[in-house]
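# Structure assessment
Below, each chain spelled out in residue letters.
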Amino acid sequence: LELRSTTIFDKLRAYIISLPLIKSSIKRADVIVTVSNSVAQEISDLFPFASKKIKVVTPACDKKLFHYASDNKLLEDFLDRHQIRERFILAMNMKSPRKNFNLLINAFKNVKSEGILCVGGLLEDYQLNFAEQKLGERFKYLGYLKTGELPLVYSAASALVAPSLLEGFDMPPLEARACGTHVI
């Protein structure tokens, strides 16, 4: 539920339909589990009666999966499969407006160093068109990546960029750090 939505329809849906249903569920719940303190605070602000029921359980990534991929053959195969031939900055899951995709593209356009911007996850057609128009060959869309490919792309990236305006908890920065990748 995004209460900070910009469209009047989404705000009406949230306040007229969703909030009463959520309030009813919260009243019946023994405990409310959330992934971050910021989300816990938002729930508390909207439903003060629920503050004592809220428990924060911070997610973690699977250490067996997310670690630096030291197998050069696997890394080379991944890079070849995606036709990545130079250093790159990575961004993941940028479809939602709160992820700040346009800001990222415009900022990367102003970067004068070598390298490309690779984006993994789903994007809308208009986002792809915008990125290709602004960055041309400096933009590479990876599309949806399989779970087993994530450690490879994180390990191969120079850095992960996560310019989100609002997150409860975003897994890609945690996963990237587990693979030894810098996060901006």
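Throughout what follows, the structure given in this document is the object of discussion. No experiment lies behind these values; they were computed from the predicted model shown.

### So, the packing of helix H4 (residues 101–109) against helix H5 (residues 125–135)
Viewed as axis vectors pointing N to C, H4 and H5 meet at an angle of 10°, and their least axial separation amounts to 10 Å. Here H4 lies roughly parallel to H5, going by the angle between them. Seen from H4, the contacting residues are Phe101, Asn102, Ile105, Asn106, Phe108 and Lys109; seen from H5, they are Gln127, Phe130, Ala131, Lys134 and Leu135. Its residues assigned to classes, the contact of H4 with H5 shows six nonpolar, three polar and two charged.

### Looking at the pattern of salt bridges
It is possible for side chains bearing opposite charge to pair when their charged atoms get close. If you walk through the whole model with that rule in mind, you get five salt bridges. Between Lys73 and Asp77 there is a salt bridge whose closest N-O contact spans 2.9 Å. One end of the pair, Lys73, and the other, Asp77, are both in helix H3 (residues 72–81), four residues apart, so they sit about a helical turn from each other. In this structure, Asp170 and Lys99 form a salt bridge, with 3.3 Å as the shortest nitrogen-oxygen distance. Within this pair, whereas Asp170 is found in the loop between strand E6 (159–160) and helix H7 (171–178), its partner Lys99 is found in the loop between strand E3 (88–92) and H4, the two being separated by 71 residues in sequence. What makes Lys99 buried here is its relative accessible area of 7%.

### Observations regarding a nonpolar patch on the surface
Together, Ile16, Ile17 and Leu21 make up a nonpolar patch on the protein surface, roughly 320 Å² of accessible area in all. Structurally, Ile17 can be placed in helix H1 (residues 8–28).

### A short note on empty space enclosed by the protein
Summed over the entire model, instances satisfying the criterion amount to one cavity of 30 Å³ or more. Estimates place the volume of the largest cavity at around 50 Å³. In terms of lining residues, the largest cavity is bounded by Met92, Met94, Lys99, Leu160, Val161, Ala162, Pro163, Ser164, Asp170 and Pro172. Looking at the lining of the largest cavity residue by residue, the class counts come to seven nonpolar, one polar and two charged.

### Re the nonpolar core
Membership of the largest hydrophobic core comes to 21 residues, with the highest contact counts inside it found for Phe88, Leu90 and Tyr154. Where this core is concerned, the elements lending two or more residues are H3, E3, strand E4 (116–120) and helix H6 (150–156). With four residues, H6 is the largest single contributor of residues to this core. Sequence-distant contacts of Leu90, that is, excluding residues within four places in its chain, are made with Cys118, Gly120, Leu142, Val153, Tyr154, Ala157, Ala159, Leu160 and Val161. Phe101, Leu117, Leu128 and Leu135 belong to the second-largest nonpolar core, a separate cluster that totals 15 residues.

### Comments concerning the packing of aromatic side chains
For the structure shown, the criterion picks out two aromatic pairs. Taking 6.1 Å as the distance between ring centres and 75° as the angle between the ring planes, the aromatic pair formed by Phe47 and Phe49 counts as edge-to-face. For Phe47, a relative accessible area of 7% puts it in the buried group. Between Phe66 and Tyr154 the ring centres are 6.2 Å apart and the planes differ by 50°, which places this aromatic pair in the tilted class. Of this pair, Phe66 sits in the loop between strand E2 (54–56) and H3 while Tyr154 is found in helix H6, placing the two residues 88 residues apart along the sequence. Across this residue pair, the class does not change: Phe66 and Tyr154 are buried. A cation over an aromatic ring shows up here: Lys27 above the ring of Phe49, its NZ or CZ 5.8 Å from the ring centre.

### Let's talk about H7
Taken together, the buried positions of H7 are Pro172, Pro173, Glu175 and Ala176. Within H7, the buried residues cover an arc of 165° as seen down the axis, which keeps them to one side. Looking at the packing, one finds that the buried side of H7 touches E3, H6, E6 and strand E7 (182–183).

Cut-offs and rules
- Residues numbered from 1 in each chain as written.
- Predicted model: local features only at pLDDT ≥ 70, side-chain atom pairs only at ≥ 80, totals over all residues.
- Heavy atoms only, no water.
- Axes fitted to C-alpha atoms, helices over the stretch in contact; angles between N-to-C directions.
- Helix = DSSP H or I, 4+ residues; strand = E, 2+ residues; numbered from the N terminus.
- Parallel < 35°, antiparallel > 145°, perpendicular 65-115°, else oblique.
- Contact = heavy atoms within 4.5 Å.
- Nonpolar A, V, L, I, M, F, W, Y, C, P; charged D, E, K, R; others polar.
- Salt bridge = Lys/Arg side-chain N within 4 Å of Asp/Glu carboxyl O.
- Buried < 20%, exposed > 50% of the residue type's maximum accessible area, 1.4 Å probe, protein only.
- Patch = residues over 30% accessible without salt bridge, like charges linked within 9 Å, V, L, I, M, F, W, Y side chains within 5 Å.
- Areas by Shrake-Rupley, 256 points an atom, 1.4 Å probe, with all protein chains shown as cover.
- 1 Å grid on protein atoms, 1.4 Å probe; cavity = no way out; pocket = protein on both sides within 12 Å on 5 of 7 lines; lining within 4 Å.
- Points joined across faces, edges and corners; volume = space filled by probe spheres on them.
- Core = buried A, V, L, I, M, F, W, Y, C linked by side-chain atoms within 4.5 Å.
- Phe/Tyr/Trp six-rings, centres within 6.5 Å; stacked < 30°, edge-to-face > 60°.
- Lys NZ or Arg CZ within 6 Å of the ring centre and 35° of its normal.
- Arc of directions from axis to C-beta.

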